[in-house]
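Observations on the three-dimensional arrangement
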Amino acid sequence: MKIIQNFRNINNQIKILSSNVNLIVVSKGQDINNIKMILNEGHLDFGENRVQEAILKWSNILAINKNINLHLLGKLQSNKAKEAFNLFNYIHSLDNEKLAKIFSDLEKSSLKKIKYFIQVNIGNEIQKSGIDISLVSKFVQFCQIDLKLNILGLMCIPPANEPPDSYFKKLYELNISNGLKELSMGMSDDFTIAIKFGATYVRVGSAIFGRRSN
Ligand SMILES: *Cc1c(COP(=O)(O)O)cnc(C)c1O
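Residues numbered from 1 in each chain as written. Predicted model: local features only at pLDDT ≥ 70, side-chain atom pairs only at ≥ 80, totals over all residues. Heavy atoms only, no water.

**Quick word on the overall build of the chain**
Within the chain one finds 9 helices and 8 strands. In terms of overall size, the chain behaves like a compact globule, its C-alpha atoms giving a radius of gyration of 17 Å where 214 residues would be expected to give roughly 17 Å. Summarising its shape, the C-alpha atoms of the chain cover approximately 50 × 40 × 30 Å along the three principal directions. In the chain, buried positions account for 50% of the 214 residues. In the chain, 59% of the contacts between residues at least 6 apart in sequence involve partners at least 24 apart. (Helix = DSSP H or I, 4+ residues; strand = E, 2+ residues; numbered from the N terminus. Rg over C-alpha atoms; globule rule 2.2 N^0.38 Å. Buried < 20%, exposed > 50% of the residue type's maximum accessible area, 1.4 Å probe, protein only. Contact = heavy atoms within 4.5 Å.)

In structure tokens, the structure reads:
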């Protein structure tokens, strides 16, 4: 099966480059049979972009497999934060105070803790979400000190149609200067480059499943 081959190849490529990288299989837009092929390989980390789609696809699977880690990668609206909190283990797209406060309140009234990445608008693009580079330190401290959130590190999506190297390097340096240990960067086209620049979580979809229609 092509999907399984792709998955194994990517896992091998990652292992050759580093022993310290977590592969997130991005299953947005995929039907459940494709996802099950990867689950049958024993893989436990999956990424989704939309809360509603993730609830529909994953609720039944999570009920029988408690070891799966779901990662929210896409933009999150505040009114979906509670549902996201209940479903996901990792949020990679934390990028504003309002959302951070909501999660902090949810954690206070729950035993659940989430692991967070702060999304940075590393290419300073108007249309991209993510926090401005100049505000990263302040926001990291606000989340860690005022809100007691478990911030693992920074996350970015570099500008399209440009070599990502300088953006990955910049995010790596920002991560270090903020005392953070994990780094979420690299997708199908550039995960090997991201690993060379210190990524510890790579998010790969189409290189495993083929092109998405949506
Ligand atoms: C869709 C998506 C990915 C996966 O992209 P591919 O190019 O299919 O590997 C990774 N990260 C984010 C934030 C995404 O939205």
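**Concerning the nonpolar core**
Core analysis: the biggest nonpolar cluster contains 64 residues, and Trp58, Leu94, Phe103 and Leu154 have the highest contact counts within it. Those residues within four positions of Trp58 in sequence are excluded, and the remaining contacts are Ser27, Ile35, Leu39, Phe46, Glu48, Ile68 and Leu70. With 6 residues, the next largest nonpolar core counts Tyr90, Leu152, Met155 and Tyr201 among its residues. (Core = buried A, V, L, I, M, F, W, Y, C linked by side-chain atoms within 4.5 Å.)

**Observations regarding the side chain of Asp45**
The topology assignment puts Asp45 in strand β2 (residues 45–48). The side chain of Asp45 is buried and forms no salt bridge, while Lys115, the nearest opposite charge, is found at 8.3 Å. If we ignore the near neighbours within four places in the chain, the residues touching Asp45 are Leu23, Ile24, Val25, Asn69, His71 and Tyr90. (Lys, Arg positive; Asp, Glu negative; His and termini not counted. Salt bridge = Lys/Arg side-chain N within 4 Å of Asp/Glu carboxyl O.)

**A word on the packing of aromatic side chains**
This model, assessed by the stated rule, comprises 5 aromatic pairs. Seen from their ring centres, Phe85 and Phe103 are 6.5 Å apart, and the 35 degrees between their planes marks the pair as tilted. Remark: Phe103 occurs in helix α5 (residues 97–108) and Phe85 occurs in helix α4 (residues 81–87); sequence separation between them is 18 residues. Judged on exposure class, the residue Phe85 and its partner Phe103 are both buried. Note on Tyr90 and Tyr201: the rings are 5.8 Å apart at their centroids and 55 degrees apart in plane angle, and the pair reads as tilted. Residue Tyr90 is found in strand β4 (residues 90–94), and its partner Tyr201 is found in strand β8 (residues 201–204); the two are separated by 111 residues along the sequence. You'll find Tyr90 and Tyr201 in the same group, each marked buried. Site record: aromatic cluster; members linked through ring pairs are Phe85, Phe103 and Tyr116. The ring of Phe85 carries Lys112 above its face, with NZ or CZ at 5.8 Å from the centroid. (Phe/Tyr/Trp six-rings, centres within 6.5 Å; stacked < 30°, edge-to-face > 60°. Lys NZ or Arg CZ within 6 Å of the ring centre and 35° of its normal.)

**Regarding the environment of His71**
Tracing the sequence through the fold places His71 in strand β3 (residues 69–72). Looking at His71, the relative accessible area reads 0%, which means it is buried. Spatially, the C-alpha atom of His71 lies 9.9 Å from that of Ala54, the residues being 17 residues apart in sequence. Not counting residues within four places of it along the chain, the set of residues in contact with His71 comprises Ile24, Asp45, Phe46, Gly47, Glu48, Phe88, Tyr90, His92 and Tyr201. At 2.7 Å, the side chain of His71 forms a polar contact with the side chain of Asp45. Polar contacts involving the side chain of His71 include one to the side chain of His92, which spans 2.9 Å. (Polar contact = N/O pair within 3.5 Å; in protein donor to acceptor, adjacent residues only side chain to side chain.)

**Topic: the pattern of salt bridges**
Side chains that differ in charge, positive against negative, can pair when their charged atoms come close. A complete count under the given rule lists 8 salt bridges for this structure. In this structure, the salt-bridge partner of Asp95 is Lys75, at a minimum N-O distance of 3.2 Å. With Asp95 in the loop between β4 and α5 and Lys75 in the loop between β3 and α4, this pair connects stretches of sequence that are 20 residues apart. In this structure, Lys128 and Glu125 form a salt bridge, with 2.8 Å as the shortest nitrogen-oxygen distance. Residue Lys128 is classed as partly exposed on the basis of its relative accessible area, which comes to 22%.

**Points about the state of the cysteines**
Scanning the entire structure with this criterion turns up 0 disulfides. Of the cysteine sulfurs around Cys143, a residue in no disulfide, the closest is that of Cys156, at 17 Å. Residue classification places Cys156 among the buried positions, given a relative accessible area of 0%. (Disulfide = S-S within 2.5 Å.)

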